[in-house]
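This is what each chain is made of:
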Amino acid sequence: MSDSFHAMWRSLRPLGRSAASGGYRRYAWDGGDDHLPRGLGIEAEARRLDVETDRNGNQWAWLGDPTAGDAVVTGSHLDSVPDGGAFDGPLGVVSAFAALDELRARGASFRRPLAVVNFGDEEGARFGLACVGSRLTSGQLTKEKAYELRDADGITLPQAMEAAGHDPETIGEDRERLDRIGAFVELHVEQGRALDLSGDAVGVASAIWPHGRWRYDFHGEANHAGTTRLVDRRDPMLTYAETVLAARREAELAGAVATFGKISVEPNGVNAIPSLVRGWLDARAADQDALDAVIAGIETAARDKAAAHGVDLAVVRESFTPVVEFRHALRDELVRLLGGKAPVLGTGAGHDAGILSASVPTAMLFVRNPTGVSHSPAEFAAEDDCVAGVLALADVLEGLACH
């Protein structure tokens, strides 16, 4: 099993990696990620699995009859954030195949169908909306809304899918596919240090914090940077900067997190006062009340500063996911299958398992990340911990699909 894991990991590591940053730029349906689906297909066919791509661009590799129902599904995603790390997403896909190898080495006999899935556009790096593949499948993203999504070059999601060989006319809720699934278990590198602090290699998820993305459009007045008096300026950059500081203050007060991590500026000249600053806010908290307080506090501060500087402000909520409590029965079963000792922990990161939880029973395993760094080239998990994750996933799949 460890040999198969390491072989797959070595073959995957170079794909989509930036020589400049050392991070990964694996974006959905951009033509550069073709090698990733092909690689998954090769691994699946080597294990005599039936491979299919569904109407929403997600890949499935099946052991057993897909239409039999009550299937146990595992997997994650292969795309990345800009200059992301190696483990976020791909670890769950590679570990799924390695866990199947381990079960076959044990001589396991399957009583339920098993599938490995690669969900499309989980990170939302290209179109600005996370978990597109699972949102479409579950009906949380409608075809009409999906057709409105555009990347930075103005290419729409249906145009991108069609260029990648998919039929965008077919996208939408896939209830027939969801009805096949009896349980979905996603393995993921932990995006925090809870396991490192507890000394455990593997943990079980309890819940995903409520989280969302908001776009702040600050409209000012373009003017000359060298000749316009400070008192005569309507500078949206100043208001934006003060809003960034307000986000930090509000998050600290609520024990939450809030981040402006993306910005666009017009006309984007060194010697020009901007006419428009557009910033994207990511905010997350342990409960809905805390998140609501953070968002309200940030917007109030932004509007107060905008009024003081003669700047117009528009705020648009681009996505939102409420708190996800994973099914307690399935969560507790995972803990039991892992000997009753696996720690149970929450997370502020969103996942496909969280999206699917409204439709099918879902659960998650986390693998220790000693630094807690994620969405960065410095993201890391030790080989021994990765192998421990594969063995834990194999134990879980055996308990759910074989016994």
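Presented here is a report on the structure given in the accompanying data block. As the structure is a computational prediction, the values presented were derived from the model and not from experiment. Each chain has its residues counted from 1, following the order in which its sequence is written. Only residues with pLDDT of at least 70 get local features here, since the model is predicted, and only at 80 or more are side-chain atom pairs given and counted; chain-wide, interface and lining totals rely on the full set of residues. Computation of side-chain values: all heavy atoms of the structure, hydrogens and water removed.

**Some words on the packing of aromatic side chains**
Thought 1: Pairs were defined over the aromatic rings of Phe, Tyr and Trp, the Trp ring being its six-membered one, requiring ring centres within 6.5 Å. Orientation was assigned from the angle between planes: stacked under 30 degrees, edge-to-face over 60, tilted for the rest. Counted under the stated rule, the structure contains ten aromatic pairs.
Thought 2: For the ring pair Trp60 and Trp62, a centre distance of 6.0 Å and an interplane angle of 15° mean the geometry is stacked.
Thought 3: Exposure categories follow from relative accessible area, calculated using a 1.4 Å probe and restricted to protein chains: below 20% of the type maximum is buried, above 50% is exposed, and the middle band is partly exposed. Classification of Trp62 as buried rests on a relative accessible area of 2%.
Thought 4: For the ring pair Phe87 and Phe380, a centre distance of 6.3 Å and an interplane angle of 80° mean the geometry is edge-to-face. Placement of Phe87 in the loop between strand 3 (71-77) and helix 3 (90-106) and of Phe380 in the loop between strand 15 (362-367) and helix 13 (383-401) is noted, with a sequence separation of 293 residues between them.
Thought 5: Linked through ring pairs, Phe5, Trp9, Phe87 and Phe380 together constitute an aromatic cluster. A helix here means a DSSP run of H or I that spans at least four residues, while a strand means a run of E at least two residues long, and both kinds are numbered starting from the N terminus.

**Quick notes on the nonpolar core**
Thought 1: Definition of nonpolar core: a set of buried residues of the types Ala, Val, Leu, Ile, Met, Phe, Trp, Tyr and Cys, connected through side-chain atoms within 4.5 Å. Counting residues in hydrophobic clusters, the biggest one holds 51 residues, and the most contacted among them are Phe5, Trp9, Phe87, Leu91, Phe97, Leu334 and Leu365.
Thought 2: We call two residues contacting when some pair of their heavy atoms lies within 4.5 Å. When neighbours within four sequence positions are excluded, Leu91 is seen to be in contact with Phe5, Trp9, Leu187, Val189, Val367 and Cys386.

**A few points about helix 10 (residues 288-308)**
Thought 1: Take the residue count of a helix, subtract one, and multiply by 1.5 Å to get its expected span. With 21 residues, helix 10 extends 30 Å from end C-alpha to end C-alpha; this agrees with the ideal 30 Å at 1.5 Å per step.
Thought 2: Among all positions in helix 10, only Ala290, Leu291, Val294, Ile295, Gly297, Ile298, Ala301, Ala302 and Ala306 are buried. Along the long axis of helix 10, the arc covered by the buried residues comes to 160°, so they all point the same way. For helix 10, exposure combined with an orientation more than 90 degrees from the buried face picks out Asp289, Asp304, Ala307 and Ala308.
Thought 3: In this fold, the buried residues of helix 10 make contact with strand 7 (211-219), helix 9 (236-254), strand 9 (257-266), strand 11 (276-284) and strand 12 (312-321).
Thought 4: Polar contact is the term for a pair of N or O atoms within 3.5 Å; when the atoms are in protein, one must be able to donate a hydrogen and the other to accept it, and sequence-neighboring residues count only if both atoms are side-chain atoms. For helix 10, the side-chain oxygen to backbone nitrogen distance between the N-cap and Asp289 is 3.2 Å, and the N-cap itself is Asp287. Directions pointing from the helix axis toward each C-beta atom define the arc.

**Overview of the packing of helix 9 against helix 10**
Thought 1: Axis definition: a line fitted to C-alpha atoms, limited for helices to the stretch in contact. Angles are taken between N-to-C directions and run from 0 to 180 degrees. Axis separation between helix 9 and helix 10 bottoms out at 9 Å; the angle between their running directions is 155°. Between helix 9 and helix 10, the angle falls in the class roughly antiparallel. Where helix 9 crosses over helix 10, the handedness of that crossing is right-handed. In contact with Thr239, Glu242, Thr243, Ala246, Ala247, Glu250, Ala251 and Ala254 of helix 9, helix 10 contributes Ala290, Ala293, Val294, Gly297, Ile298, Ala301, Ala302, Lys305 and Ala306.
Thought 2: A class-by-class count of the residues in the contact of helix 9 with helix 10 yields eleven nonpolar, three polar and three charged. We call two directions roughly parallel when the angle between them is under 35 degrees, roughly antiparallel when it is over 145, roughly perpendicular when it lies between 65 and 115, and oblique otherwise. A crossing counts as left-handed when the near helix is turned anticlockwise from the far one by less than a right angle, and as right-handed when that turn is clockwise. Polar here means any residue other than Ala, Val, Leu, Ile, Met, Phe, Trp, Tyr, Cys and Pro, which are nonpolar, and Asp, Glu, Lys and Arg, which are charged; Gly is therefore polar.

Purely geometric numbers; function is a separate question.
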